[in-house]
Structure formats: C-alpha cells, structure tokens
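Overview (structure and organization)
Residue-level listing of the chains:
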Amino acid sequence: MVLSFENGGDFDRARELRAFDESKAGVKGLVDSGVERVPLIFNRTWIGFTDQDTDPTTDESPHSIPVIDLRCIHMDPAWRSEIVRDVQDASRRWGFFQVVNHGIPESLLDEMLEGVRRFHEQDTQLKKAFYTRDRSKKVLYMSNFDLFSAPTANWRDTLYVTASDPSDREELPEVCRDILIGYSARVRQLAYTLLELISEALGLKPSYLKEMECAEKMLILGHYYPSCREPELTMGTTIHADNDFLTILLQDHIGGLEVLYENQWVEVVPLQGALIVNIGDLLHVLSNDKFISVNHRVLSKSEGPRISVASFFRAQDMMGNASRFYGPIPELISEENPPVYRNIDLKEYMDYYIGKGLNGTSALTPFRI
C-alpha cells in the first residue's frame, strides 16, 4: 500500500482510500509500518476542511461540563430530586455531563479499556477476520465507518459490537469476550437509571423513556486512536452529534474529547472512575428541543494510543429492516410549544446520517418543520 503525503498532481484519493481499506490493518497498521507523516486521505488542512470553520473561538474555555453524583438516588427522595434538577440543567444547556458513584466498579472500567486495547493490539491477521463494512454483522472491526463519504478520514480504528449477551458468547473476540459481556450488562442497567432521571427531568413518569424502548438495543464502539506525529493535521473524530437516544462513554486518561458550548470548545477532562453521558439526536427530537444533542469532537494526540468505549442506546439495531417512527413526545407539545420536528422514520434518518458521514453538519436539519 502506497499513500501520498503531498499532492504531486497524481494523487488519486479514491484509489488510496480503497488501498487503505483493503489492507484491513487500519490506522494502527500505518503507524506500525513506520509512517511518521499524515497521509493526504487523513489531512484536513490540505482540503481546507477544519473545525475552525464552525469554531471561531478556540482559546482555552473557563467552562467545564457538569459532574453529577448518583450516590443515594434510590434511597433519599430529596437527593434524587436534586439529581433530577442537575440532569435537567445539564441536558438543557450542555447535552453532556459526567456521572460519578454510578455503581460500576473502577476495576470493571479499567478491564474494559484493557479489553479494547487487547483487541486492537493483537496480531493483525487475527483482527482481519473481523474486518468488514457489513453492518449486519454482530461484531465487526473497521477504520472510519464513513471512509468513502466523509471529506477526510479520521485517525481512528473501531471495534463494533452488538452481540454482548452471554448467548452470543462465541461470536465475540476471544481477547475481550468476558469483559464485553460483564461491562455491557452493567452499563445497560446504568442506561435504564439515566433514562428514568431524564424522564423525570422532562416532567414525565420515570419509566416513560424505558417503556419507549430507548435502550432496547445497545451498540458498543471500542475506539483506538493511535499516537500521531502531526496531530494538528488530522482529527481523532470529526465534529458530530450522536445518532442515538443516549450515549455513555468511558475514556482513558489521555483525553482529547471536546464539547461545543457557547461557541467554545470545552475539553472533557478525564475524571477517574467517571463516565460521560450525552444526549443523542433521537432524544433531542423526543424532547422537542428541550434537551440538546450537541456537537463534539476528538483531537488527535502525539500521546497514545487513546482508548475509549462508547455505548450507544437505541430502540432497534442501526441497520434493522423494520423501521420505527419518532417525533416529539405528545405530553411535551402544546399551542405554546408546537412540534419542531415531523415524525422521523428511523431508517431514513440513519441512512441520511451514514450517507453524509461525520462532516460537521446536523443530521436533524432535513427533519425540522
């Protein structure tokens, strides 16, 4: 595989994307091969596409995303009411918050990060068995789901897992099989708790969003961001909002995640034992703009690899054939607060999101009334 680092006039982007994809070695394979410069297919500055276009303010922000302590939510009604108010404020203003004392042991979080590391750092030939762009697979590994549609590739490889139930055990990669099953069970329970709090924050009964099956399906993404010698030229993950109801993110100590708040990029500083929660596009729609799905990005780093585990919660598999429709919750609609979105065909939304790739534009715009 030969990739270009400068445009000498014979740069064929489509050909080099195909060559990179067919190697099945990902970005880590490039780094392992000794590549020290950022190839053009990853170089955002060469095509003139940077997050600076949507970010006039890049100075260090004085803000920090809210941290919410979930201790005693099931034992003290007064404490729970305070937590609901905190969730309401964070979901309305930020669309992001961190949670501590969430009930998942730090040892399990650490082992989940190590499991993702083991997968990505195992022999390349073993990883290649999982490399595919067929999203109907329960387990797959690839670099950049939008490789052929996004303006530029990101400096990131990903393990995708929808099979996290013990009955799917043999389909899971052996190097992280046990921890995937253990972690997924605990993070799903946390998602149910968070949906209860968010339901209450919207003025609904606690079981409302769970009964809508907003966490019926879970997709786990094990991201691996190799170190980069020229981090200013590429991104770990381009600016985007999430295509689900709710995301729970586990990140390591390296950091790099930033959230757009009041036209400033705010770093989500790693907090030992914490998990990051953010509102997805679909919950944004259900709330009729009361709670927001906001843009965020991951910077490339000279330090690495950075490892994170994102758990996406949806009502059905991303590529399910039988679609569902979602619109603003009727209880939140009135003459003073009319619907902002039409009922959205989930399959139509997902097709649009995947087709446009992570290009910095909102996937909800076509569905606004």
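Above this text is the structure in question.
One structure accompanies this document, and this report is about it.

Parameters at a glance
- Residues numbered from 1 in each chain as written.
- Predicted model: local features only at pLDDT ≥ 70, side-chain atom pairs only at ≥ 80, totals over all residues.
- Heavy atoms only, no water.
- Pairing = 2+ DSSP bridges.
- Helix = DSSP H or I, 4+ residues; strand = E, 2+ residues; numbered from the N terminus.
- Axes fitted to C-alpha atoms, helices over the stretch in contact; angles between N-to-C directions.
- Contact = heavy atoms within 4.5 Å.
- Buried < 20%, exposed > 50% of the residue type's maximum accessible area, 1.4 Å probe, protein only.
- Parallel < 35°, antiparallel > 145°, perpendicular 65-115°, else oblique.
- Nonpolar A, V, L, I, M, F, W, Y, C, P; charged D, E, K, R; others polar.
- Core = buried A, V, L, I, M, F, W, Y, C linked by side-chain atoms within 4.5 Å.
- Phe/Tyr/Trp six-rings, centres within 6.5 Å; stacked < 30°, edge-to-face > 60°.
- Lys NZ or Arg CZ within 6 Å of the ring centre and 35° of its normal.

**Considering the sheet that holds strand β9 (residues 264–267)**
Taken in spatial order, the 4 strands of this open sheet run β6-β11-β8-β9, and their pairing is antiparallel. At either end of the open sheet lies a strand with only one pairing partner, and these are β6 (235–240) and β9. Taking each pair of neighbouring strands and ignoring which way they run, the sheet shows an average axis angle of 30 degrees. Sheet topology note: the strand β8 (residues 257–261)/β9 ladder contains 4 bridges and is antiparallel. Each bridged residue has a counterpart across the sheet, and for Glu258 the counterpart in β9 is Glu267.

**Here's the deal with the sheet that holds strand β12 (residues 306–314)**
On the basis of which strands lie adjacent, the open sheet formed by 8 strands has the order β1-β2-β10-β7-β12-β5-β4-β3 and mixed pairing. Edge positions in the open sheet fall to β1 (67–69) and β3 (139–142), since each of these has one partner strand only. Across the sheet, the axes of successive neighbouring strands diverge by a mean angle of 25 degrees, strand direction being ignored. Helix-sheet contacts for helix α3 (residues 77–93) involve β1, β2 (96–100) and β10 (275–279), and the interaxial angle to β1 is about 160 degrees. Relative to the sheet, helix α4 (residues 106–121) contacts β3, β4 (157–161), β5 (217–225), β7 (246–251), β10 and β12, its axis offset from that of β12 by approximately 105 degrees.

**Notes on unusual backbone geometry**
In this structure, Pro305 follows Gly304 across a cis peptide bond, with omega equal to 10 degrees. Mapped onto the secondary structure, Pro305 falls in the loop between β11 (296–299) and β12. A positive phi angle is found at Cys72, which is not glycine, with a value near 70 degrees. As for its placement among the helices and strands, Cys72 is situated in the loop between β1 and α3. Residue Cys72 is classed as partly exposed on the basis of its relative accessible area, which comes to 30%. Even without a glycine there, the phi angle at Asn144 is positive, about 70 degrees. Using a relative accessible area of 0% as the deciding quantity, one classes Asn144 as buried.

**Section: the packing of α3 against helix α6 (residues 177–201)**
In the contact formed by α3 and α6, the axes pass within 8 Å of each other and the chain directions differ by 80 degrees. Classed by the angle they form, the pair α3 and α6 counts as roughly perpendicular. Side by side, α3 and α6 meet where Arg80, Ile83, Val84, Val87 and Gln88 of the first sit next to Glu196, Leu197, Ile198, Glu200 and Ala201 of the second. Of the residues that constitute the contact of α3 with α6, the class distribution is 6 nonpolar, 1 polar and 3 charged.

**Let's talk about the nonpolar core**
Nonpolar side chains in soluble globular proteins tend to end up buried together. Counting 100 residues, the largest nonpolar core has Leu70, Tyr183, Leu194, Ile198, Leu209, Leu275 and Tyr349 as its most contacted members. Top contributing element to this core by residue count: α6, with 13 residues. Setting aside anything within four residues of it in sequence, one finds Leu70 in contact with Ile83, Val99, Val100, Asn101, His102, Leu190, Leu194 and Leu197. In terms of nonpolar packing, the next biggest core, distinct from the first, is built from 15 residues, Leu17, Phe20, Val27 and Leu30 among them.

**Description of the packing of aromatic side chains**
Scanning the model with the defined rule gives 10 aromatic pairs in all. Through a chain of ring-to-ring contacts, three or more aromatic side chains come together here, namely Phe119, Phe130, Tyr131 and Tyr141. The ring of Tyr192 carries the charged tip of Lys210 above its face, separated from the ring centre by 4.3 Å.

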